[in-house]
Amino acid sequence: QVQLVESGGGLVQPGGSRRLSCAASGIIFKIYTMGWYRQAPGKQREWVASISSGGSTNYADSVKGRFTISRDNAKSTVYLQMNSLKPEDTAVYYCNAHLTTQIGAPLHSNWGQGTQVTVSS
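Remember, it's a predicted structure, so these values are computed and weren't measured experimentally.

Asks: Which parts of the structure should I look at to understand the environment of A49?
Replies: Its place among the elements puts A49 in strand β5 (residues 46-51). Remark: the alpha-carbon pair of A49 and Y37, spanning 12 residues in sequence, is separated by 7.1 Å. When sequence neighbours within four positions are dropped, the list of residues in contact with A49 reads M34, G35, W36, N58, Y59, I69 and L80.

Put into structure tokens, the structure is as follows:
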């Protein structure tokens with residue numbers, strides 16, 4: 001069993017910053033791409049950012065220049081540093097990891113349980 005556990009959510013004022021973390025645990029052979037998604041009330045889940053195992057990053061236009069994704073492969077952890085937060089960033093943030101559990105096993109997409117980020121004064 002693989003678990004992804006997010007942390008770091010909470011209430012933050014507009015213009016403020018927040019850092020999310022997501023740690024993967026369990027039987028893991030290799031983690032490939034890791035990413036962050038978010039879902040606002042009444043909206044579909046949307047992709048926010050992703051990072052490859054080699055460190056290449058991509059961002060949604062809505063967060064480019066404000067959010068930074070990073071990872072610590074030794075800790076099987078991905079981070080999302082969020083700066084200059086806006087009320088429209090309010091959402092449940094989910095981490096995602098594509099990984100294998102053993103040599104030759106198929107790639108699995110795993111999700112965390114989500115962490116709420118609320119941007120409000």
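Asks: Sorry, what's going on with the pattern of salt bridges here?
Replies: Two side chains carrying opposite charge are able to pair once their charged atoms lie near each other. The tally for this structure, following the rule as stated, stands at 4 salt bridges. Between R66 and D89 there is a salt bridge, and its shortest N-O distance comes to 2.7 Å. In this pair, R66 sits in the loop between β6 (57-59) and β7 (67-72) while D89 sits in the loop between β8 (77-82) and β9 (91-100), placing the two residues 23 residues apart along the sequence. Like R66, the residue D89 is buried in the burial classification. Residues joined by salt bridges that share partners form a network here, namely R38, E46, R66 and D89.

Asks: What should I look at first to understand the state of the cysteines in this one?
Replies: By definition, a disulfide links the sulfur atoms of two cysteine residues through a covalent bond. This model, assessed by the stated rule, comprises 1 disulfide. There is a disulfide in this structure between C22 and C95, and the S-S distance comes to 1.9 Å. Taken together, the residues C22 in strand β3 (residues 18-26) and C95 in strand β9 connect sequence positions 73 residues apart. Assigned by exposure class, C22 and C95 land together as buried.

Asks: Just to check I follow, could you spell out the side chain of R71 for this structure?
Replies: For R71, the location among the structural elements is in strand β7. No salt bridge is formed by the buried R71; its nearest oppositely charged neighbour, D72, is found at 8.2 Å. A polar contact of 3.3 Å, which involves the side chain of R71, links it to the backbone oxygen of I31. There is a polar contact of 2.6 Å between the side chain of R71 and the side chain of N73. Leaving out residues up to four positions away in the same chain, R71 has contacts with I31, Y32, T33, M34, I51, S52, S53, T77, V78 and Y79.

Calculation criteria
- Residues numbered from 1 in each chain as written.
- Predicted model: local features only at pLDDT ≥ 70, side-chain atom pairs only at ≥ 80, totals over all residues.
- Heavy atoms only, no water.
- Helix = DSSP H or I, 4+ residues; strand = E, 2+ residues; numbered from the N terminus.
- Contact = heavy atoms within 4.5 Å.
- Salt bridge = Lys/Arg side-chain N within 4 Å of Asp/Glu carboxyl O.
- Buried < 20%, exposed > 50% of the residue type's maximum accessible area, 1.4 Å probe, protein only.
- Disulfide = S-S within 2.5 Å.
- Lys, Arg positive; Asp, Glu negative; His and termini not counted.
- Polar contact = N/O pair within 3.5 Å; in protein donor to acceptor, adjacent residues only side chain to side chain.

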